[in-house]
Amino acid sequence: MLTDYHHVIHELSERIVTAQKPIRILDALKWDDAIQAQFFQDKFKKLPKIDEEYYQRQNPLQFDPFKKMEEFHDIERSIRRTLGQYSGVGSIMQRMCREYSRVIAMLINRGTPKFTEISQELYGSSEDAFHIGAPTLKDLANLVSNTLANIKNQVTSESDQEIYSSEETVQILGDRLKDYFHDATIRVELSDGILADASAGADRIKIHNGLHFSEREIRVFEIHEGWVHLATTLNGMAQPVCTFLSKGPPSSTITQEGLAIITEVFTFASYPGRLKRLTNRITAVSMAEEGANFLDVFNFYLSDGSTEEESYQATTRVFRGSMPDQGPFTKDLSYSKGFILIYNYVRLAVQRGLLNQIPVLFMGKTTLEDIHILADLVEEEIAVPPKYIPPQFRDLAALSAWMCYSLFLNKLDLQRLATDFKAILQ
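Let me sum up the structure you'll find in this document. Because the structure is predicted, anything quoted here is derived from the model rather than measured.

Side note on the overall build of the chain
Next, step 1: The number of helices and strands found in the chain is 19 helices and five strands.
Next, step 2: Principal-axis analysis of the C-alpha atoms gives the chain an extent of 65 × 60 × 45 Å.
Next, step 3: Here the chain holds 426 residues, and 51% of them are scored as buried.
Next, step 4: Considering only residue pairs separated by 6 or more positions, the chain has 75% of its internal contacts joining residues 24 or more positions apart.
Next, step 5: Of the roughly 20,900 Å² that the chain leaves accessible, carbon and sulfur atoms contribute 52%.
Next, step 6: Looking at charge distribution, the chain has the averaged site of its 45 positive side-chain charges lying 2 Å from that of its 57 negative ones.

Here's the deal with the packing of aromatic side chains
Aromatic ring pairs: the centre-centre distance and the angle between the two ring planes describe each pair.
Next, step 1: Per the stated rule, a full pass over the model turns up 25 aromatic pairs.
Next, step 2: Residues Phe-181 and Tyr-388 carry aromatic rings whose centres are separated by 4.9 Å and whose planes lie at 70° to one another, so their mutual orientation is edge-to-face. Placement of Phe-181 in the loop between helix 9 (166-180) and strand 2 (187-191) and of Tyr-388 in the loop between helix 16 (371-379) and helix 17 (391-394) is noted, with a sequence separation of 207 residues between them.
Next, step 3: Overall, Phe-181 belongs to the buried group, its relative accessible area being 1%.

Some thoughts on the sheet that holds strand 4 (residues 204-208)
Next, step 1: Pairing within the open sheet is mixed, and its three strands lie in the order 2-4-3. Single-partner strands in this sheet number two, and they are strand 2 and strand 3 (198-200). On average, adjacent strands in this sheet sit at an angle of 25° to one another, irrespective of strand direction.
Next, step 2: Where strand 3 lies against strand 4, three bridges are found, and the strand directions are antiparallel. Of the residues in strand 4, the one forming a bridge with Ala-198 is Ile-207.

Some points on the nonpolar core
Next, step 1: By size, the foremost hydrophobic cluster in this structure holds 61 residues, and its most contacted members are Ile-23, Met-93, Cys-242, Val-346, Leu-361 and Phe-393.
Next, step 2: Considering each element in turn, this core owes the most residues, 11 residues, to helix 6 (residues 88-108).
Next, step 3: Not counting the four nearest positions on each side in its chain, Met-93 is found in contact with Ile-9, Leu-12, Ser-13, Ile-16, Ile-79, Leu-83 and Phe-244.

Comments concerning the state of the cysteines
Next, step 1: Overall, the coordinates contain zero disulfides when judged by the stated rule.
Next, step 2: The closest cysteine sulfur to the non-disulfide-bonded Cys-242 is located on Cys-97, 14 Å from its own sulfur.
Next, step 3: In this structure Cys-242 comes out as buried when scored by relative accessible area, which is 0%.

Describing the side chain of Ser-165
Next, step 1: As for its placement among the helices and strands, Ser-165 is situated in strand 1 (residues 164-165).
Next, step 2: What makes Ser-165 buried here is its relative accessible area of 15%.
Next, step 3: With near-sequence residues (within four places) excluded, Ser-165 lies in contact with Leu-211 and His-212.

Some remarks on helix 11 (residues 250-266)
Next, step 1: Between the first and last C-alpha of helix 11 there are 24 Å, a value that for 17 residues agrees with the 24 Å anticipated at 1.5 Å per step.
Next, step 2: Of all 17 residues that make up helix 11, 16 are buried, and the element is covered over most of its length.
Next, step 3: Downstream of helix 11 by one or two residues, Phe-268 has phi in the positive range, about 60°.

So, the pattern of salt bridges
Next, step 1: Taken as a whole and judged by the stated rule, the model has 29 salt bridges.
Next, step 2: For the salt bridge of Arg-95 with Asp-370, the shortest nitrogen-to-oxygen distance reads 2.7 Å. One end of the pair, Arg-95, is in helix 6; the other, Asp-370, is in the loop between helix 15 (334-351) and helix 16, and 275 residues separate them in sequence.
Next, step 3: A salt bridge links Asp-304 to Lys-276, with the nearest nitrogen and oxygen atoms 3.3 Å apart. Within this pair, whereas Asp-304 is found in the loop between helix 13 (294-303) and helix 14 (308-319), its partner Lys-276 is found in helix 12 (residues 272-289), the two being separated by 28 residues in sequence.
Next, step 4: The class for Lys-276 is partly exposed, based on a relative accessible area of 34%.

The rules behind the values
- Residues numbered from 1 in each chain as written.
- Predicted model: local features only at pLDDT ≥ 70, side-chain atom pairs only at ≥ 80, totals over all residues.
- Heavy atoms only, no water.
- Helix = DSSP H or I, 4+ residues; strand = E, 2+ residues; numbered from the N terminus.
- Buried < 20%, exposed > 50% of the residue type's maximum accessible area, 1.4 Å probe, protein only.
- Contact = heavy atoms within 4.5 Å.
- Areas by Shrake-Rupley, 256 points an atom, 1.4 Å probe, with all protein chains shown as cover.
- Lys, Arg positive; Asp, Glu negative; His and termini not counted.
- Charge placed at Lys NZ, Arg CZ, Asp CG, Glu CD.
- Phe/Tyr/Trp six-rings, centres within 6.5 Å; stacked < 30°, edge-to-face > 60°.
- Pairing = 2+ DSSP bridges.
- Axes fitted to C-alpha atoms, helices over the stretch in contact; angles between N-to-C directions.
- Core = buried A, V, L, I, M, F, W, Y, C linked by side-chain atoms within 4.5 Å.
- Disulfide = S-S within 2.5 Å.
- Expected span 1.5 Å × (residues − 1).
- Salt bridge = Lys/Arg side-chain N within 4 Å of Asp/Glu carboxyl O.

These results come straight from atomic positions and should not be treated as a statement about function.
Put into structure tokens, the structure is as follows:
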């Protein structure tokens, strides 16, 4: 039974959900097809003609950004005045309001150097440390790239052959997700308007039209877009009080993409080609942060074996919202950054006996720093546990066994082992 307290939280939560509706980050950053056509016509020799005026003229915001920022400021004040300064659920909602205000500031600054600065604030940088003295995401990209070079062409199989059309992929994926979400209506459909191969929305997954996919890629779509992104959306929409969990600002993007990648790994759905794509995104963002322009990053992808079309799409992901020579949009760091943060969180949660908090990650569009508060909200019956959880996270016994070994393996010196194993690694 909902109390007056529940109704107050629900009302404030709904204000956030309503306020964020017109904010479509990726839609506000995209370039039109004419930019690509001109780039190809110029034989990849000239930078795309993108500047601040382009975004205002070709892709204007569908809301008044200054009024929208004031709306979030007003909601934040209402939360603080109604729930108090130290309310757990109130702190989550206040942070969301502040993040959405920064998102709007980022969108206002499309096509300016300030855009990248705010993007790094929201999504991070390739040079960010995980703790003092720790390697960075850029270091991760270098390590993975070198390792993948050593196993090149040794792990491919029939599962890597891109034999399924977009239409066939829609059918296969739809059938699989119908079984997983047996009591929900899920749609899989073709789309011409996305940069990614696949993208999850509130109740559907969009598949990039006109492409061909392998069995491995379809399996990744099933896990990444279905088991995680769709599932967390549905779990958030099922919240009777904390409806804000159905939507997420950038901090939740890092957690959500991390969950999706770690679930790919735990299900053995990931593969070297997938890792290469993710780490190349880190490298490309890092290059742009260090001053590389669109042509430099495009040629990086070309030299790494991508087609001209693939190289253009991948490079556009890096510079969308910005200018072709003024720094990156850093969202694509979320995948690897989120994976590292989630993996270490799960290991530490097992070590400290906090197993009950792990499923909370899937309650909706969660942010890692809020998990302990959300676990309390479940105990207080203000939030409900997630309905859809990947089997690998539902079986906490098996997950705990994996993490116990992981905690020990992390203490071994890999360089020392390499020296000791030298005689048998021939």
